[in-house]
Structures are given as structure tokens and as C-alpha cells.
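Summary of structural features
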Amino acid sequence: MELRIFTEPQQGASYDQLLAVARCAEDAGYGAFFRSDHYLKMGDVSGDPGPTDAWTTLAGLARDTNRIRLGTLMTAATFRLPGPLAITVAQIDQMSDGRVELGIGTGWYAEEHTAYGIPFPALGERFDRLEEQLAVITGLWDTPAGQRFQYDGRYYPVVDSPALPKPVQQPRPPILLGGMGPKRTPRLAARYADEFNLPFASVPDTVAQFDRVRAACTEIGRDPAEMIWSNALVLCCGRDDAEVARRAAAIGREPDELRANGVAGTPAEVIDTIGRYAEAGSQRIYFQVLDLTDLAHLELVASEVMAKL
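Residues numbered from 1 in each chain as written. Predicted model: local features only at pLDDT ≥ 70, side-chain atom pairs only at ≥ 80, totals over all residues. Heavy atoms only, no water.

1. Considering helix H1 (residues 15–28)
For the record, the criterion: Strands here mean DSSP runs of E at least two residues long; helices mean DSSP runs of H or I at least four residues long; both are numbered from the N terminus. Helix span, expected: 1.5 Å multiplied by one less than the number of residues in the helix. A 1.4 Å probe rolled over the protein chains alone gives each residue an accessible area, and that area as a share of the maximum for its type sets the label: buried under 20%, exposed over 50%, partly exposed in between. The contact criterion used throughout is that any non-hydrogen atoms of two residues lie within 4.5 Å.
Helix length check: H1, at 14 residues, gives a terminal C-alpha distance of 20 Å against a target of 20 Å (1.5 Å per residue), a fit within 8%. Listing the buried residues of H1 in full gives Leu18, Leu19, Val21, Ala22, Cys24, Ala25 and Glu26. Looking at the buried side of H1, the elements it contacts are strand S1 (2–7), strand S2 (32–35), helix H2 (54–64) and helix H11 (295–304). A positive phi of about 100° marks Gly29, the residue just after H1.

2. Points about the pattern of salt bridges
Any two side chains of opposite charge can pair, on the condition that their charged atoms come close. Which entries qualify depends on this criterion: Throughout this description, the term salt bridge denotes a Lys or Arg side-chain nitrogen within 4 Å of a carboxyl oxygen of Asp or Glu.
As enumerated under the stated definition, the model contains 24 salt bridges in all. Across the pair Arg69 and Glu101 runs a salt bridge whose closest N-O atoms are separated by 2.5 Å. With a gap of 32 residues between them, Arg69 in strand S3 (residues 69–72) and Glu101 in strand S5 (residues 100–105) connect regions that are remote in the sequence. With relative accessibility at 2%, the residue Glu101 sits in the buried group. The closest approach of N and O atoms between Arg253 and Glu257, which form a salt bridge, is 2.8 Å. For Glu257, a relative accessible area of 28% puts it in the partly exposed group.

3. Describing the pairing of strand S10 (residues 228–237)
For a regular strand, side chains alternate in direction, first toward one face of the sheet and then toward the other. Filter applied, for reference: DSSP calls a pair of strands paired once it identifies at least 2 bridges connecting them. Orienting the strands away from the viewer, one traces the path from the first strand over the helix to the second; a clockwise path indicates a right-handed crossover.
Judged by how many residues are buried, S10 sits mostly within the fold: nine of ten residues are covered. In the sheet, strand S9 (residues 195–199) pairs with S10 via five bridges, with the strands oriented parallel. Bridged to Phe196 within S10 is Trp229. The parallel pair S9 and S10, bridged by helix H7 (residues 203–219), forms a crossover whose chirality is right-handed. Examined bridge by bridge, S10 and strand S12 (residues 284–289) share five bridges and lie parallel to one another.

4. Some points on unusual backbone geometry
A cis amide bond links Leu73 with the next residue in sequence, Met74, at an omega value of -20°. Among the secondary structure elements, Met74 is positioned in the loop between S3 and strand S4 (75–76). Between Gln170 and Pro171 the backbone carries a cis peptide bond, its omega angle lying at 10°. If you trace the backbone, Pro171 turns up in the loop between strand S7 (158–161) and strand S8 (175–178). In the Ramachandran plot, Asp160 falls in the positive-phi region, its phi being about 55° despite a non-glycine side chain. Within the secondary structure, Asp160 is located in strand S7.

And the structure:
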């Protein structure tokens with residue numbers, strides 16, 4: 001089981017705060033630092049100083065960190081055109097010496113689109129656009145150097161592209177897809193994903209959706225063992241109940257609710273929860289860290305949980 005850190009900067013974070021978390025995660029031995037890709041805060045927080053762009057952040061972290069992998073859960077396909085996104089990710093992959101991963105989805109948060117003038121089509125069209133984006137991005141990266149790429153898409157036709165630049169990672173940076181959609185999500189994951197991620201899902205729901213994606217892989221002749229399986233869950237760990245309660249209060253949550261729906265409690269409880277997800281087939285856990293000032297939280301989990309898995 002690999003442990004990764006997942007942040008939500010739209011809730012309020014500067015680049016320097018994100019860098020501090022990423023460097024702490026790197027020093028503590030976590031496998032990756034991921035961030036959300038949102039332009040508007042959620043819930044009863046100020047969101048100050050305002051949103052930070054996911055790929056601008058990762059470009060900075062590519063130069064300001066050394067070993068930790070970097071990625072998004074999940075970039076919204078509505079935010080960017082596929083050609084420029086392929087260029088951006090390939091460039092940051094070069095800047096980081098091959099440490100970038102692309103998590104991408106349809107986009108779902110209507111209010112952030114209207115708040116910043118971003119078109120927000122109906123769900124069916126968003127899935128159609130995501131499928132074309134995946135075809136274009138992977139096609140550009142997979143095209144051999146010196147050859148041209150073409151794609152006859154409805155939304156994103158590509159004509160005579162030199163398909164440059166190329167990422168460092170070969171055949172390409174890992175692509176993450178996820179979500180609980182019962183039909184199109186499994187089919188897209190089977191075709192394009194290197195990793196399938198479920199955010200904030202229970203163990204039974206994890207088992208059911210992993211099974212759907214495995215079936216979709218088998219249907220197209222892909223070995224499901226080629227896929228990495230992962231979950232994202234909110235983290236709230238403390239040495240004792242008082243510390244758990246303090247950390248839960250800091251993010252506006254209740255300890256019992258976090259124990260039921262996240263990875264929460266003492267290190268022993270956290271290890272037990274991780275074990276249940278491992279039995280469901282999960283190979284990576286992305287800890288959603290909501291208090292970005294509490295670096296001791298990450299260090300505690302590294303020393304008392306990660307070291308014992």
C-alpha cells in the first residue's frame with residue numbers, strides 16, 4: 001500500500017503553503033503530492049487568498065521538489081483544450097524529470113464555471129468531450145517523433161500536428177480516471193487509465209466499482225492487473241482521542257463522522273481502515289489533508305502508520 005497526499009487549495013492556500021506541504025510529504029516519504037483542480041471554494045470557508053491554478057502550481061513544484069511525484073485529482077476537462085493540456089503536462093514532466101501524473105475527469109462543479117466564465121455543457125456532452133480529450137492527449141504523446149498526428153473529432157479535431165513536446169516518461173505519464181459512474185466511467189478507464197481512483201467511497205462501493213472497471217477491462221481484452229487501484233479519503237489522525245478531536249475541529253468535522261467516512265482515529269485505527277481498503281483491492285490511498293498548516297499531522301502518519309504498513 002502506497003500513501004500519497006492530496007490537497008484542496010481552493011479552500012484557501014498560497015503557493016508557499018502548498019510548497020511547504022509538498023516538501024514535508026517528500027521528506028516524510030509519501031509517494032506523491034496531488035492537488036485538486038478547482039477555481040472556487042466549497043462550503044463555509046473564505047477561500048482566501050483565492051484559487052491557485054493546478055498546473056501552474058505543479059510547474060513550480062517540479063522545480064522546487066526533488067523526488068516526490070506530482071499530479072491532479074482531477075483536472076476538469078472543461079477547463080482546458082486537449083492540445084495545450086498535453087503540451088503543459090509534457091513540459092512539466094520534463095521540468096520534473098518524469099514525475100508528473102495526469103488525473104482528469106468531466107468536471108462537475110457548475111458554480112466554478114459560471115464564476116469564471118467557463119462553458120459547462122450537460123453531462124453527456126462533458127463525457128463526450130472527455131473521451132475526445134483522452135484520445136487527443138494520448139495520441140499526441142504516443143505519436144513517434146518525426147511523425148504527425150491527426151484526429152477526426154467532433155469537438156477537438158486535430159490536423160497535421162507535430163505532436164510535440166514529448167514527455168520524459170515513456171510511453172507517457174500515467175493517466176488517472178475515477179468516479180462512481182456505472183457505464184461510461186468503467187469503459188473510459190479500461191481504455192485509457194493507468195490508475196483508477198475512487199474519491200470518498202465506502203468499502204462496499206469500492207468493491208462494486210472496481211468490479212465494474214475490471215469487467216470493462218476484460219471486455220476489451222485488457223488484463224485488469226495492469227491497472228493501479230486507489231482511493232482518496234479525508235485524513236484525521238491523532239495520538240489519542242483528544243488529538244483526533246482537535247484535528248477534526250480544525251477542519252469543521254466530527255470525529256465519529258470522519259471515522260465512518262474517512263481515515264480517522266489513532267494510528268492503529270488508521271492502519272485498520274487502510275487494511276479494509278486493501279482487502280477491497282486498493283493499492284494506494286490518497287490522504288485528503290484539509291489543514292495545510294498542520295505539518296505535524298503528516299509526520300505523525302509517516303512515522304506511526306506508513307512505517308508499519
